[in-house]
Structure formats: C-alpha cells, structure tokens
Amino acid sequence: MLRHVAAGIDGSPEGLAAAHWAAREAMRRGTALRLVHAWEWQPRPAPSVPADMSQRSWAEDMMAQASDSMRAAHFGLQVISHSVADAPVGALLAAAEEADLLVLGSHGISGVAGFLTGSVSQRVVARSPRPVVLVRAGECTADEHFSAVDGISPDEIPETPYREVVLGLDTARPCDELIEFAFDAARRRATPLRVIHAFSPPPAFAAVDRLARANGPELLAEHERAVVATLRPWCEKFPEVAVTETVTEARAAGELIHASAGAALLVVGRRVRETRLGTHLGSVAHAVLHHAPCPVAVVPHA
C-alpha cells in the first residue's frame, strides 16, 4: 500500500483536529493521508446520528465531508477514506499496522490544558506497533508555530518558525526508534530539538544517599556525559538539527509536561512488553498523555 499517515476520526471536534494534524504531517512527509472510521451498530445510536439516517449512512456522509475538508484545506494532499463496521480498537490497530504513523484525537480536560484519554485511544496507544500521536481538540496550525508578526496567521506565512520538538530520553534504556523519530520530526520542521533527561536520586533513607548528595555535581556530570554520548551518533546523522540538552534531578513526567507548554510536539517512548494484565503504558507516558498541552507522540520500542 502507498505510504501514508493514518488518522482515526469519529465525527468529534477532537477527531477533526487529529485529522488536520495528520494532514499537515502527511504534507511534511510527502505521503498520503488515510482517514479511518470504525463503527459498530448500536441499538441506541449516538446523539450525533440524525434520526432520519442509518448509522452506516451517517458514517459514510461524515467520512465524505471529512475527506472534502482535508482536500480543501491541504492543497495537493492525496486523501484515502476507509470506513469499516468493526470494533474501533481492532480497526485502528489494523490501520496502524499499515501506516507510518497513526494520529488520534483526545478530549481536552475542561479548564485544564491537557488530555483526557478515552478507553479506545488509551488501548490503541498501549498496543500499537507504530508510533501514535494524540492531538487535543482545538489544536490548529497556529499552535505548532511561534506567533507571526502583527497577528498574521502562520497559514498566511508558511515560513513562520515552528516551535521546538521535545524528547524525553532515558539513557539507561536508549532506543533508536524513539530518538530517530524525534530527530526526524525536528528536521522536517526545521526547528530545534530539546532533549530532557531527568534522573532520580537514591532513596532518602539509604545510607548511600549521603554520599550521593555529597557528590551531587559528579552525579550530574555523569548523567550529562551519558546524554551526550547517547545523542552523538544522531547529531552526526542529523547535522541540520540544533540540539539542546536539559539534564536534571527531578521527576521525568513533571519536567516533560512543563517543557511541552511551549512545544510543537512532545515525543516519549513506550516499552513493548507483556504483563499478566496485558500491554500497558508506562507511568511517564501515562502522565504526559493526560497533562501535556501539545500533541504527544508515543513511540513503541523494545
């Protein structure tokens, strides 16, 4: 199949925002956009389905309108529509298998900048074989860019610089897929990449803690050297990407959420592993998906 970015849509505002974000990403990558809608017959249709329409007819009409909207807003973009009568999680995971990237919408928490991930999106993110980006309702082109002069929209000035891409890095378990995704995202946007590595001190009650705190500068320097060593081959592979590193003794989730406030995209990893309870998100990914105000890319890795 033709290389493409897939977007799951359901007729909601957050689904439409995700589709437009996916369209812009497809344009950046020079690929097609595939809109995916999965629906299951319900004895009581959703309020969005008109009383004089069947659920299938509503799904087909919604997909046609979304496709027309994408083509009108993103000139030259190839749009493929795919509607299937199937369970949403299974259909979206199947779509992810065939895509370079899957984009999903996420309900914004009322009054709070961030995400409220639903059961479908959370299960898809936890099991997807490909990177998944979650986009909150209301996200638009202007949010990816710095403010243009005189209040002019970035749509009118394509060269308006992008905001930075932020990567959460764990030097204890560095992952090629995660790091390459972040560097590539920054390169496509011609914007800097900010790498954040946060580490935790030994437990306060441990005897070694006194020594660790006494050697605080040495411990920090050790982590800084690890970050530089991990990133060196990627800086050589992507020389056009300006990289800044933030190494700090703090909680990773808190640092990433704070940094995401001024970012175009936050990139975090998800270890692919099975437990007795099945696949799941790590604590850092779970936290940023709920509280980061910018789109979040979750990249699966071994």
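Now for a look at the structure at hand. (Residues numbered from 1 in each chain as written. Predicted model: local features only at pLDDT ≥ 70, side-chain atom pairs only at ≥ 80, totals over all residues. Heavy atoms only, no water.)

### Overview of the overall build of the protein
Looking only at helices and strands, one finds ten helices and eleven strands in the protein. Every one of the 302 residues in the protein was classed for burial, and the buried ones make up 46%. The contacts in the protein between residues at least 6 apart in sequence include a share of 76% that link residues at least 24 apart. Surface summary for the protein: the accessible area is close to 15100 Å², and the carbon and sulfur share equals 54%. (Helix = DSSP H or I, 4+ residues; strand = E, 2+ residues; numbered from the N terminus. Buried < 20%, exposed > 50% of the residue type's maximum accessible area, 1.4 Å probe, protein only. Contact = heavy atoms within 4.5 Å. Areas by Shrake-Rupley, 256 points an atom, 1.4 Å probe, with all protein chains shown as cover.)

### A closer look at helix H9 (residues 252–260)
Among the residues making up H9, those that are buried are Ala253, Leu256, Ala259 and Ser260. Seen along its axis, H9 keeps its buried residues to an arc of 135°; they face one direction. If you follow the buried residues of H9, they end up packed against strand S7 (164–168), strand S8 (193–199), strand S10 (263–271) and helix H10 (283–291). (Arc of directions from axis to C-beta.)

### Digging into the pairing of S8
Among the seven residues that make up S8, six are buried, leaving the element largely enclosed by the rest of the structure. The β-α-β motif built from S7, the intervening helix H6 (residues 176–189) and the parallel element S8 has right-handed crossover chirality. Bridging between S8 and strand S9 (residues 243–249) involves seven bridges; their strand directions are parallel. Bridge pairing in S9 links Ile196 to Thr246. (Right-handed = clockwise from strand over helix to strand, strands pointing away. Pairing = 2+ DSSP bridges.)

### Observations concerning the nonpolar core
In this structure, Leu33, Leu35, Val103, Leu193, Leu265 and Val267 are the most contacted members of the largest nonpolar core, which totals 49 residues. When neighbours within four sequence positions are excluded, Val267 is seen to be in contact with Val165, Val166, Leu167, Gly168, Leu178, Phe181, Ala182, Ala297 and Val299. If you look at the next biggest cluster of nonpolar residues, it comprises 30 residues, including Ala263, Leu266, Val268 and Ala285. (Core = buried A, V, L, I, M, F, W, Y, C linked by side-chain atoms within 4.5 Å.)

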